[in-house]
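Spelled out, the chains give:
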Amino acid sequence: MKHKVKSSKVKTSFFCLLLLGGIFLFLFAVDQKANGLGNKTPVYSYQVVRVFPHDPKAFTQGLVYDQGFLYEGTGLIGKSSWRKVELETGKVVGLVKLPDRLFGEGVTLWEDKIIQLTWQSKIGLVYDRQTLRLLKKFYYPTEGWGLTQDGQHLIMSDGTAFLYFLDPQTFKEVRRIQARDEGIPIGFLNELEYIKGEIYANVYGTDRIVRIAPESGQVTGWIDLSGILPEKDRRPGVDVLNGIAYDVQKDRLFVTGKLWPKLFEIRLILLN
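Residues numbered from 1 in each chain as written. Predicted model: local features only at pLDDT ≥ 70, side-chain atom pairs only at ≥ 80, totals over all residues. Heavy atoms only, no water.

1. What about the overall build of the protein chain?
Regarding its fold elements, the protein chain presents one helix and 22 strands. For the protein chain, the proportion of its 272 residues judged to be buried stands at 50%. Summarising the internal contacts of the protein chain: among those between residues at least 6 apart in sequence, 51% fall at separations of at least 24. For the protein chain, the exposed area adds up to about 13300 Å²; of that, 58% sits on carbon and sulfur atoms. (Helix = DSSP H or I, 4+ residues; strand = E, 2+ residues; numbered from the N terminus. Buried < 20%, exposed > 50% of the residue type's maximum accessible area, 1.4 Å probe, protein only. Contact = heavy atoms within 4.5 Å. Areas by Shrake-Rupley, 256 points an atom, 1.4 Å probe, with all protein chains shown as cover.)

Structure follows, in structure tokens:
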């Protein structure tokens, strides 16, 4: 028995080393591509247009904008929620706390509802947007990371290179795509936003956003947001970039991160 336990630990340790090595190589490849090295895919930098307050206790997992308000999903066990927030002031005007056992993830709006994923529970939650009442639950076979919609389908990420298109009524998978740049799968896709016919996705653990064609999965561009949160605002506990929202009426793009004290409106600048 002890021998089996020891053998299992060795295998687990070896697997962890392989996993860490794979993550390192992946992030290195992402960095090279985002900097345009040996790559024809467009790369963008940014200009900060305006800065808004953001709750530094919000572990941002999902973000969407509508009519002056942000709808934000937050994570962490025992602290997960979705909330309605005034863009200008950062004031929370509506909040639903998730059960302590659930780790909140991406959110999106669909008609008069707000839909939120959870991480490893494989449970989705549907709320009435006005009353904040829980209407139903749905289930999916993967982890839940990011969520957006294109007017026809919900689009979900699970931390891999795949994006899943779901029927918004039945929540069943309709199709899927794999994000690829020059044939290389781009994994760790996290928070999502559908903007002008493209899917924008945070690449978890990096300061990069990748733009993806929803028909093919082909990467159409990289956005490098390095340095957007000033060092003076990187207090202990501040986590990674995560959170993309778009104002359709005024053509404004917003980004933030987990436990960040600020939310940024940005303008993209083409580098190559």
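Having seen the structure, we can now continue with the description.
2. Here we look at the nonpolar core
Within the largest apolar cluster, 17 residues are counted, with the highest numbers of intra-cluster contacts made by Tyr200, Ile209, Leu225, Ile228, Val255, Phe264 and Ile266. If you list the elements that add at least two residues to this core, you get strand S1 (43-53), strand S20 (241-247), strand S21 (252-257) and strand S22 (262-270). If one sorts the elements of this core by residue count, S20 sits on top with three residues. Setting aside its immediate chain neighbours within four residues, Tyr200 contacts Glu191, Leu192, Glu193, Ile195, Ile209, Val210, Arg211, Ile223, Ile244, Leu253 and Leu268. (Core = buried A, V, L, I, M, F, W, Y, C linked by side-chain atoms within 4.5 Å.)

3. Topic: the pattern of salt bridges
One pass over the full model with this rule turns up 13 salt bridges. Put simply, Asp100 and Lys97 hold a salt bridge, and the shortest N to O gap is 2.7 Å. Beyond isolated ion pairs, a larger network of salt bridges with shared partners links Glu111, Asp112 and Lys113. (Salt bridge = Lys/Arg side-chain N within 4 Å of Asp/Glu carboxyl O.)

4. Focus on the packing of aromatic side chains
Scanning the entire structure with this criterion turns up 10 aromatic pairs. Following the ring pairs from residue to residue traces out a cluster consisting of Phe52, Tyr65 and Phe254. Note that Lys84 overlies the ring of Phe69, its terminal NZ or CZ placed 4.4 Å from the centroid. Across the ring face of Phe162, the terminal group of Arg176 is positioned such that the distance to the ring centre comes to 5.8 Å. (Phe/Tyr/Trp six-rings, centres within 6.5 Å; stacked < 30°, edge-to-face > 60°. Lys NZ or Arg CZ within 6 Å of the ring centre and 35° of its normal.)

5. With respect to unusual backbone geometry
The phi torsion at Phe188 lies on the positive side, around 60°, for a residue other than glycine. Within the element layout of this structure, Phe188 appears in the loop between strand S15 (184-185) and strand S16 (189-195). Located in the positive-phi region is Asp251, a residue other than glycine, with phi close to 55°. Looking at the secondary structure, you find Asp251 in the loop between S20 and S21. Residue class for Asp251 comes out partly exposed when judged on its relative accessible area of 45%.

6. Remarks on the side chain of Thr142
Structurally, the position occupied by Thr142 is in the loop between strand S9 (134-139) and strand S10 (147-149). Contact partners of Thr142, with chain neighbours within four places excluded, come to Lys122, Met156, Asp158 and Tyr164.

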